[in-house]
Amino acid sequence: MVDTARMYLHHRQPERVLILHGIWNTRSWLLPLAWRLRSQGFVVDTFGYPSVFGGPDVAVPQLLQRLRGRGPVSLVGHSLGGLVALEALRQAPQLEVPRVVCLGSPLCGSGTARVMADHGWAVALGRSGGLLRHGLPDWQGPAEGGLIAGSVAHGLGALMGALEGESDGTVGLAETRLPGLADHCVVPVSHSGLVLSPQVAALTAGFLRQGRFPPQAATAGADRQGQGIG
């Protein structure tokens, strides 16, 4: 009887995860990542929002409505999706969101977005332009945040000469280093490749379970920020 009770107490429901896409993308873009996380045992759903014509003014309230009263669910956001996820939790820190993984999100503001705006292309960013250009304040919410950055510079920002130092081609590594995150690592993929990479999916699963990226994370040993921020 005691053993049966102990087994019941140790039984855990599969962890729930909601994935958010970036600008100019749709929910279908997230299917490879969703499939890989499901294969890791997570219950996964995707969140779609009008990234250009609606922006965070529409996406954040919709996400908050989606999360309220649903029980614990962690978030994974690619690029703009990570900004939307953290902004939603900044506005409603009481929500049951234990962890957030951002994939290539310019949390400190995007140089690519600023160059686009300076050259008259702000319309392409739509109502998400302000959040992308300026980023977020230092993270102080209760949810543990982790960020996976790419280091293969294939993307719009590299073509425009908008980035300094290492980047994933769209977002500079320096733009991903928001103080307050629990952990940070770098993998050799491009900005788009962050959604498609099996390694990124495995690292994401590790953070969702442990609140830290697994020690085998590529190049994370020299680049990890968890020791300096928390």
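None of the values given here were measured: they were computed from a predicted structure.

A few words now on the overall build of the protein chain. Within the protein chain one finds 11 helices and 6 strands. The proportion of buried residues among the 230 residues of the protein chain is 53%. Within the protein chain, contacts between residues separated by at least 24 positions form 74% of all contacts whose residues are at least 6 apart in sequence. Just so you have it, the protein chain exposes about 10,800 Å², and 55% of that area is on carbon and sulfur atoms.

Before going further, it helps to examine the sheet that holds strand β3 (residues 74–78). Strand pairing in a sheet takes place through backbone hydrogen bonds and is either antiparallel or parallel in direction. The strand order β2-β1-β3-β4-β5-β6 describes an open sheet built from 6 strands, whose pairing is parallel. Two strands bound the open sheet, and with one partner strand each, they are β2 (43–47) and β6 (183–187). Adjacent strand axes in the sheet meet at a mean angle of 20 degrees, parallel and antiparallel pairs treated alike. Of the pairings in the sheet, the one linking strand β1 (residues 16–20) to β3 comprises 4 bridges and is parallel in character. Bridged to Leu18 within β3 is Leu75. In the packing of helix α4 (residues 80–91) onto the sheet, the strands contacted are β1, β3 and β4 (99–103), and the crossing angle to β3 comes to about 140 degrees.

The next subject is the pattern of salt bridges. Summed over all chains, the structure comprises 4 salt bridges. The closest approach of N and O atoms between Arg90 and Glu87, which form a salt bridge, is 2.8 Å. Of this pair, Arg90 and Glu87 both sit in helix α4, 3 residues apart, roughly one helical turn. The exposure class assigned to Arg90 is partly exposed, which follows from its relative accessible area of 45%. For Glu87, a relative accessible area of 10% gives the class buried. Between Glu144 and Arg99 there is a salt bridge whose closest N-O contact spans 2.6 Å.

Turning our attention to the packing of helix α3 (residues 56–67) against α4. Taken N-terminus to C-terminus, the directions of α3 and α4 make an angle of 65 degrees; their axes are 9 Å apart at the nearest point. Of the possible angle classes, the one that applies to α3 and α4 is roughly perpendicular. In the crossing of α3 with α4, the sense of the turn from one axis to the other is right-handed. Residues Ala59, Val60, Leu63 and Leu64 of α3 lie in contact with α4, whose contacting residues are Val84, Ala85, Glu87, Ala88 and Gln91. For the contact of α3 with α4, a count of residues per class yields 7 nonpolar, 1 polar and 1 charged.

For the rest of this paragraph, the subject is the packing of helix α2 (residues 31–39) against helix α10 (residues 198–210). Packed helix pairs are characterised by how far apart their axes lie and by the angle those axes make with each other. Direction vectors running N to C along α2 and α10 enclose 50 degrees, while the axes themselves pass 9 Å from each other. In terms of their interaxial angle, α2 and α10 are classed as oblique. Seen along the crossing, α2 lies across α10 with a hand that is right-handed. In this structure, α2 uses Leu33, Arg36 and Leu37 to contact α10, whose residues at the interface are Pro198, Ala201, Thr204 and Ala205. Among the residues forming the contact of α2 with α10, the class breakdown is 5 nonpolar, 1 polar and 1 charged.

With 83% of its residues at a pLDDT of 70 or more, the protein chain has an overall mean of 86. Predicted confidence for residues 218–230 stays below pLDDT 50, and this span has 28 contacts to residues more than four positions away or in other chains.

Another point: the nonpolar core. Counting 40 residues, the largest nonpolar core has Leu63, Leu75, Val84, Val100 and Leu107 as the members making the most contacts within it. Only β1, α3, α4, β4, α5 (111–118), α7 (129–134) and β5 (144–150) provide two or more residues apiece to this core. If one sorts the elements of this core by residue count, α4 sits on top with 7 residues. Excluding anything up to four places from it in sequence, Leu75 contacts Leu18, Leu20, Leu63, Leu67, Ala85, Leu89, Val97, Arg99, Val100 and Val101. Counting 25 residues, the second-largest nonpolar core is a separate cluster that includes Ile19, Ala34, Leu103 and Val189.

Cut-off values and rules
Residues numbered from 1 in each chain as written. Predicted model: local features only at pLDDT ≥ 70, side-chain atom pairs only at ≥ 80, totals over all residues. Heavy atoms only, no water. Helix = DSSP H or I, 4+ residues; strand = E, 2+ residues; numbered from the N terminus. Buried < 20%, exposed > 50% of the residue type's maximum accessible area, 1.4 Å probe, protein only. Contact = heavy atoms within 4.5 Å. Areas by Shrake-Rupley, 256 points an atom, 1.4 Å probe, with all protein chains shown as cover. Pairing = 2+ DSSP bridges. Axes fitted to C-alpha atoms, helices over the stretch in contact; angles between N-to-C directions. Salt bridge = Lys/Arg side-chain N within 4 Å of Asp/Glu carboxyl O. Parallel < 35°, antiparallel > 145°, perpendicular 65-115°, else oblique. Left-handed = near helix turned anticlockwise from the far one by under 90°. Nonpolar A, V, L, I, M, F, W, Y, C, P; charged D, E, K, R; others polar. pLDDT = per-residue confidence, 0-100. Core = buried A, V, L, I, M, F, W, Y, C linked by side-chain atoms within 4.5 Å.

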